[in-house]
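Okay, here's what each chain looks like letter by letter:
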Amino acid sequence: MAERERDARGKPLNARPRDGLGRPLARGGSGTPRVPEDLRLPPGAAMVEAQRFLDANMPFHAHEVLEATWKSCPDAERELWQGLAQLAVGLTHLLRGNRVGAGSLLRQGHDRLVGFASNPPHRLDVAGLLTWSEGLLADLETGTLPIAPGIPVLRAAD
């Protein structure tokens, strides 16, 4: 069995290439460029980068950007960033065909964002994200999910 790649502190790494939805590919193959594990962006830049990935139909990568911000943000915003990351990974599961996992993560992400609806920070369109996730959850429950679900928009229009 091959030894796992590790960083300088001994933390396991997964250096296998991944496809656009974050699924591991065979070693030595080519895949989609990964989000660096040490990425730390301020909120505005994180939203721009995450939206770029969402618009490219790469919600797994958007999730990684949002997760990095969640892990480095002030305590008062942890629920917000975790909720955003969960919405993105819920969309990832949906696009991979995992309806149960998608529903669970979309619900968790939605519920984490509810508390930010009345006073959304960073010009986030929390109301729009809640409406988007509620629509997907309803479609999952009724089985009327469109073939290509809409892509969420993180920020309110200027």
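Everything below is about the structure printed above this text.
Just so it is clear, the structure is predicted and the values come from calculations on it, not from any experiment. (Residues numbered from 1 in each chain as written. Predicted model: local features only at pLDDT ≥ 70, side-chain atom pairs only at ≥ 80, totals over all residues. Heavy atoms only, no water.)

Enquirer: I'd like a description of the overall build of the protein, backed by residues and values.
Expert: Looking only at helices and strands, the protein features five helices and zero strands. Ordered by position from the N terminus, the helices and strands of the protein form the series α-α-α-α-α. The 158 residues of the protein split such that 41% are buried. With the model as given, the accessible surface of the protein reaches about 8,600 Å², and the carbon-plus-sulfur share is 55%. (Helix = DSSP H or I, 4+ residues; strand = E, 2+ residues; numbered from the N terminus. Buried < 20%, exposed > 50% of the residue type's maximum accessible area, 1.4 Å probe, protein only. Areas by Shrake-Rupley, 256 points an atom, 1.4 Å probe, with all protein chains shown as cover.)

Enquirer: Tell me about the environment of Leu 84, and please be specific about residues and values.
Expert: Here Leu 84 shows up in helix α3 (residues 78-96). As a C-alpha pair, Leu 84 and Leu 129 span 45 residues in sequence and 8.8 Å in three-dimensional space. Here Leu 84 is in contact with Leu 66, Leu 113, Leu 124, Leu 129 and Leu 154, once residues within four sequence places are set aside. (Contact = heavy atoms within 4.5 Å.)

Enquirer: Any details on the packing of helix α4 (residues 99-113) against helix α5 (residues 126-142)? Residues and values, ideally.
Expert: Interaxial distance between α4 and α5 falls to 10 Å at its minimum, and their mutual angle equals 150°. When the interaxial angle is binned, α4 and α5 end up roughly antiparallel. Here α4 runs over α5; the crossing is left-handed. In this structure, α4 uses Arg 99, Ala 102, Gly 103, Leu 106, Arg 107, His 110 and Leu 113 to contact α5, whose residues at the interface are Val 126, Leu 129, Leu 130, Trp 132, Ser 133, Glu 134, Leu 136, Leu 137, Asp 139 and Leu 140. (Axes fitted to C-alpha atoms, helices over the stretch in contact; angles between N-to-C directions. Parallel < 35°, antiparallel > 145°, perpendicular 65-115°, else oblique. Left-handed = near helix turned anticlockwise from the far one by under 90°.)

Enquirer: Quick rundown of the nonpolar core? Include the residues and the values.
Expert: Formed by 35 residues in total, the largest nonpolar core has its most connected members in Trp 81, Leu 84, Leu 113 and Leu 154. Elements represented by at least two residues in this core include exactly α1 (43-55), α2 (59-72), α3, α4 and α5. Ranked by the residues each element gives to this core, the list is headed by α3, at eight residues. Ignoring any residue separated from it by four or fewer positions in sequence, one finds Leu 154 in contact with Met 47, Ala 50, Gln 51, Leu 54, Leu 84, Arg 123, Leu 124, Asp 125 and Leu 129. (Core = buried A, V, L, I, M, F, W, Y, C linked by side-chain atoms within 4.5 Å.)

Enquirer: If you had to explain the environment of Arg 23 to someone new, which residues and values would you point to?
Expert: Residue position: Arg 23 is located in the segment before α1. Looking at Arg 23, the relative accessible area reads 36%, which means it is partly exposed. For the pair Arg 23 and Arg 96, spaced 73 residues apart in sequence, the C-alpha separation works out to 8.9 Å. Other than its neighbours up to four places away in sequence, Arg 23 contacts Pro 17, Arg 18 and Arg 96.

Enquirer: An account of the environment of Phe 60 is needed here, citing residue identities and associated values.
Expert: The residue Phe 60 is located in helix α2 in this model. When the C-alpha atoms of Phe 60 and Val 89 are compared, they prove to be 5.7 Å apart, with 29 residues separating the residues in sequence. Filtering out sequence-adjacent residues up to four positions away, Phe 60 remains in contact with Arg 18, Leu 21, Gly 22, Thr 92 and Arg 96.

Enquirer: So what about the packing of aromatic side chains? Which residues, and what values?
Expert: Per the counting criterion, the structure on display carries zero aromatic pairs. Sitting over the ring of Phe 53, Arg 52 keeps its end group 4.5 Å from the ring centre. (Phe/Tyr/Trp six-rings, centres within 6.5 Å; stacked < 30°, edge-to-face > 60°. Lys NZ or Arg CZ within 6 Å of the ring centre and 35° of its normal.)

Enquirer: Report on the packing of α3 against α5, specifying residues and quantitative values.
Expert: The N-to-C vectors of α3 and α5 enclose an angle of 35°; their axes lie 12 Å apart at closest approach. As α3 runs across α5, the sense of the crossing is left-handed. Here Leu 84, Leu 87, Leu 91 and Leu 94 of α3 lie close against α5, whose contacting residues are Leu 129, Trp 132, Ser 133, Leu 136 and Leu 140. The class makeup of the residues in the contact of α3 with α5 is eight nonpolar, one polar and no charged. (Nonpolar A, V, L, I, M, F, W, Y, C, P; charged D, E, K, R; others polar.)

Enquirer: Let's hear about α3: which residues, and what values?
Expert: Compared with the 27 Å implied by 1.5 Å per residue over 19 residues, the 27 Å span of α3 between its first and last C-alpha is a close match. α3 sits mainly inside the fold: 15 of its 19 residues count as buried. (Expected span 1.5 Å × (residues − 1).)

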